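Chain by chain, the residues run as shown.
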Amino acid sequence: MSAPSRASALDTARVLAGVLGPMLAQGVIARRPRMVAQAGRFGLDDRAVEILQRMRERYGPGPLRLRIPGRSVAVVLDADDVHRVLRDSPEPFTPASREKRGALGHFQPHGVLISHGEVREERRRFNEAVLDTGRPVHRLAETIGAATREEATRCADLAALTGTLDWARFSAAWQPLVRRVVLGDLARDDHEVTDLLTTQRGQANWSYLARGRPNRLARLRHRLGAYVDAAAPGSLAELVASVPAPDRVDRIDQMPQWLFALDPAGMVTYRALALLVAHPDVCARVSGDDGSLLRGAVLESVRLWPTTAVVLRDTTAPTRWGDGELPTGTSLGIVSSYFHRDETTVPGADRFDPDRWCDGRADDGRSLLPFSAGPVVCPGRELVFYVASTFLATLLGRARVRAAGAFPLQESRPLPRGLDPFTVRFAVDRPGA
Ligand code: HEM
């Protein structure tokens, strides 16, 4: 394990301007479509990875400490260090980092991801119990699967009718699905609850810099509470009402994370569709798939274009690192795409290869972390696989989907490091039409 090194003032400026700045500008909590488009146009995601590669060549593999007045900040540059940080969370590497507390506090002040100590364990247990973490098929799979097939069918039929599927149409099908899964069928058309959350997420992009909006937060909680009281059969809200938990878990406050996280899962699914369409040989295997191919496609989608651009931890104690040390309160940043696209540790890093998730090649748990790893690993990942692959299987079974316009993905070319969903459009018709 190599000791931390300290970046020069100029290299600190390079990392801030070329890596962290563009990530913040694109929106960490709620994506800003215009900034995502700009990042794609100017290749900012490519540049960010190149800058970090250069930093590693210049300073070695240890954490790179940036020169930022008043805050100890380091970027992790080595896969073994990633493994250590994620394995040793939440102590001494807490996910409840200062910036994350500032951000998520706008819409889930008692959420598990920004909790610490004993209460974190209790909240984590509650999340796992509701989400059925570790079980490939959720106990509510029947109703969740039925809702997913219904929304995907509607999406496919409308796309076939108009001959086209774009991000706006896909997203219009995904949003009602998110509400049905979490809150129940009654919530299908409750745009207001999504709007309330979206506003709070917009504030969260600014972390501590944004003013709190306690009235809106109270309205959001009130609305979620009403759905828990209604306990629609087959929804997560039903489980929130029935799974036992100590009072300080604050059940309602765990729900915004689920709504918030299922939202980018739509973008992940849409990008997985783009990958499949750009790789007809893989797509042809979907109809005989037992689920593992589509799971691999979803994982590839997150690997190639991570929705959590940077995984953050704060040190809770002075931490030895080789023959050096990081002080308490150091913010550690793990930039996912830097590791996911590193050809030296991930052969074929810029290619779509869903089978790598089926045959054990992606299992080292060090450099590939689409859903994080260790005790803070995403407890909703199996639910994501189930909903996303059911949606994709239904869509592809019901309609013939092909690339349209200037399609940004081509089988013969390395996959771009950024993929703006607004640039992806499909031509759709009925099979055999
Ligand atoms: C494609 C979709 C998703 C991706 C890529 C994803 C990824 C992640 C990642 C990377 C983390 C860990 C962050 C860290 O280590 O600091 C995380 C945490 C979490 N995710 Fe997900 N997630 C997704 C969807 C979901 C869904 C659908 C749910 C629930 C319905 C969910 C619930 C959670 C919760 C509760 C945590 C906090 C865990 C803790 O603090 O112990 N996620 N997710």
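What you are looking at is a predicted structure, and each value in this text was computed from that prediction instead of being measured.

Colleague: Please explain the overall build of the chain as it appears in this structure.
Modeller: Within the chain one finds 16 helices and 11 strands. For the chain, whose C-alpha radius of gyration is 21 Å, the value lies close to the compact-globule estimate of 22 Å for 433 residues. With the C-alpha coordinates of the chain rotated into their principal frame, the extents come out at 65 × 55 × 40 Å. In the chain, which comprises 433 residues, the share counted as buried stands at 56%. Once local pairs closer than 6 in sequence are excluded, the contacts in the chain between residues at least 24 apart make up 74%. Put simply, the chain shows about 18100 Å² of open surface, and 54% of that area lies on carbon and sulfur atoms. Averaging the coordinates of the 58 positive side-chain charges in the chain and doing the same for the 51 negative ones gives two points 5 Å apart.

Colleague: Help me understand the packing of aromatic side chains, please; the structure alone is not making it clear to me.
Modeller: Pairs of aromatic rings are described using the distance from one ring centre to the other and the angle between the two planes. If you walk through the whole model with that rule in mind, you get 12 aromatic pairs. Relative to Phe 339, the ring of Tyr 338 has its centre 4.8 Å away and its plane inclined at 75 degrees; by these criteria the two rings are edge-to-face. An identical accessibility class is assigned to Tyr 338 and Phe 339; each is buried. A connected cluster of aromatic rings, assembled from ring pairs, spans Trp 167, Phe 170, Trp 174, Tyr 270, Phe 391, Phe 407 and Phe 426. When the ring centre of Trp 321 is taken as reference, the NZ or CZ atom of Arg 84 above it lies at 4.2 Å.

Colleague: Sorry, what's going on with the nonpolar core here?
Modeller: A general feature of soluble globular proteins is that nonpolar side chains tend to end up buried together. If you look at the biggest cluster of nonpolar residues, it comprises 93 residues, and the most contacted ones within it are Leu 165, Leu 276 and Phe 426. When residues of this core are assigned to their parent elements, the largest contribution, 16 residues, is made by helix α12 (residues 255–278). Not counting residues within four places of it along the chain, the set of residues in contact with Phe 426 comprises Gly 163, Thr 164, Leu 165, Tyr 270, Leu 273, Ala 274, Val 277, Val 401, Arg 402, Ala 404 and Phe 407. Membership of the second largest hydrophobic core comes to 30 residues, among which are Val 85, Phe 93, Leu 326 and Ile 334.

Colleague: I would appreciate a short explanation of the site of the ligand in the present structure.
Modeller: With respect to spatial proximity, 27 residues lie near the ligand, and among them Arg 120, Arg 124, Arg 313, Ser 372 and Cys 378 are the closest. Between the ligand and the protein, one listed contact pairs an oxygen atom with a side-chain N or O atom of Arg 120 at 2.5 Å. Elements represented by at least two residues in the shell around the ligand include exactly α6 (118–131), α12, β6 (310–315) and α16 (381–398). For the shell around the ligand, the element with the highest residue contribution is α12, accounting for 6 residues. Among the residues making up the shell around the ligand, the classes are represented as 17 nonpolar, 6 polar and 4 charged.

Colleague: In this structure, what is going on with the pairing of β6? I would like to understand it.
Modeller: For β6, the buried fraction is high: 5 of the 6 residues fall into the buried class. One ladder, built from 2 bridges, connects strand β4 (residues 93–94) with β6; its direction is antiparallel. When the bridges of β6 are listed, Thr 94 appears paired with Asp 314. The pairing of β6 with strand β9 (residues 331–335) spans 5 bridges and is classified as antiparallel. What sits directly across from Val 311, in β9, is Ile 334.

Colleague: Just checking my understanding: could you explain the sheet that holds strand β5 (residues 164–165) for this structure?
Modeller: The pairing of strands in a sheet happens through backbone hydrogen bonds and is either parallel or antiparallel. Taking strand neighbours across the sheet as the criterion, the 3 strands line up as β5-β11-β10 in an open arrangement whose pairing is antiparallel. Whereas interior strands pair on both sides, the edge strands pair on one side only; in this sheet they are β5 and β10 (400–404).

Colleague: Explain the packing of helix α14 (residues 292–304) against α16 here, please?
Modeller: Any two packed helices are characterised by the angle at which their axes cross and by the distance between the axes. Closest axis-to-axis distance for the α14/α16 pair is 9 Å, and the angle between their directions is 110 degrees. Relative to α16, α14 is oriented roughly perpendicular. Residues Leu 294, Arg 295, Val 298 and Leu 299 of α14 form the contact with α16, whose own contacting residues are Val 384, Phe 385, Ala 388, Ser 389, Leu 392 and Ala 393.

Colleague: Which parts of the structure should I look at to understand unusual backbone geometry?
Modeller: Glycine aside, residues mostly have negative phi, and peptide bonds are mostly found in the trans state. A cis amide bond links Ser 89 with the next residue in sequence, Pro 90, at an omega value of 5 degrees. One can find Pro 90 in the loop between α4 (79–87) and β4. With an omega of 5 degrees, the peptide bond between Glu 91 and Pro 92 qualifies as cis. Within the element layout of this structure, Pro 92 appears in the loop between α4 and β4. In this structure, Ala 231 takes a positive phi of about 45 degrees despite not being glycine. The topology assignment puts Ala 231 in the loop between α10 (214–230) and α11 (236–242). You will see that Ser 372, though not glycine, has its phi angle at about 65 degrees, which is positive. If you trace the backbone, Ser 372 turns up in the loop between α15 (336–340) and α16.

Colleague: Sorry, what's going on with the packing of helix α1 (residues 9–26) against helix α3 (residues 44–59) here?
Modeller: Between α1 and α3, the least distance of the axes is 10 Å, while the angle of their chain directions is 150 degrees. As the angle between them shows, α1 and α3 are arranged roughly antiparallel. α1 and α3 meet at a crossing whose hand is left-handed. Between α1 and α3, the contacting residues are Asp 11, Arg 14, Val 15, Gly 18, Val 19, Pro 22 and Gln 26 on the first element and Leu 44, Asp 45, Arg 47, Ala 48, Ile 51, Leu 52, Met 55, Arg 58 and Tyr 59 on the second. When grouped by side-chain class, the residues that make up the contact of α1 with α3 number 9 nonpolar, 2 polar and 5 charged.

The rules behind these values
Residues numbered from 1 in each chain as written. Predicted model: local features only at pLDDT ≥ 70, side-chain atom pairs only at ≥ 80, totals over all residues. Heavy atoms only, no water. Helix = DSSP H or I, 4+ residues; strand = E, 2+ residues; numbered from the N terminus. Rg over C-alpha atoms; globule rule 2.2 N^0.38 Å. Buried < 20%, exposed > 50% of the residue type's maximum accessible area, 1.4 Å probe, protein only. Contact = heavy atoms within 4.5 Å. Areas by Shrake-Rupley, 256 points an atom, 1.4 Å probe, with all protein chains shown as cover. Lys, Arg positive; Asp, Glu negative; His and termini not counted. Charge placed at Lys NZ, Arg CZ, Asp CG, Glu CD. Phe/Tyr/Trp six-rings, centres within 6.5 Å; stacked < 30°, edge-to-face > 60°. Lys NZ or Arg CZ within 6 Å of the ring centre and 35° of its normal. Core = buried A, V, L, I, M, F, W, Y, C linked by side-chain atoms within 4.5 Å. Near = heavy atom within 4 Å. Polar contact = N/O pair within 3.5 Å; in protein donor to acceptor, adjacent residues only side chain to side chain. Nonpolar A, V, L, I, M, F, W, Y, C, P; charged D, E, K, R; others polar. Pairing = 2+ DSSP bridges. Axes fitted to C-alpha atoms, helices over the stretch in contact; angles between N-to-C directions. Parallel < 35°, antiparallel > 145°, perpendicular 65-115°, else oblique. Left-handed = near helix turned anticlockwise from the far one by under 90°.

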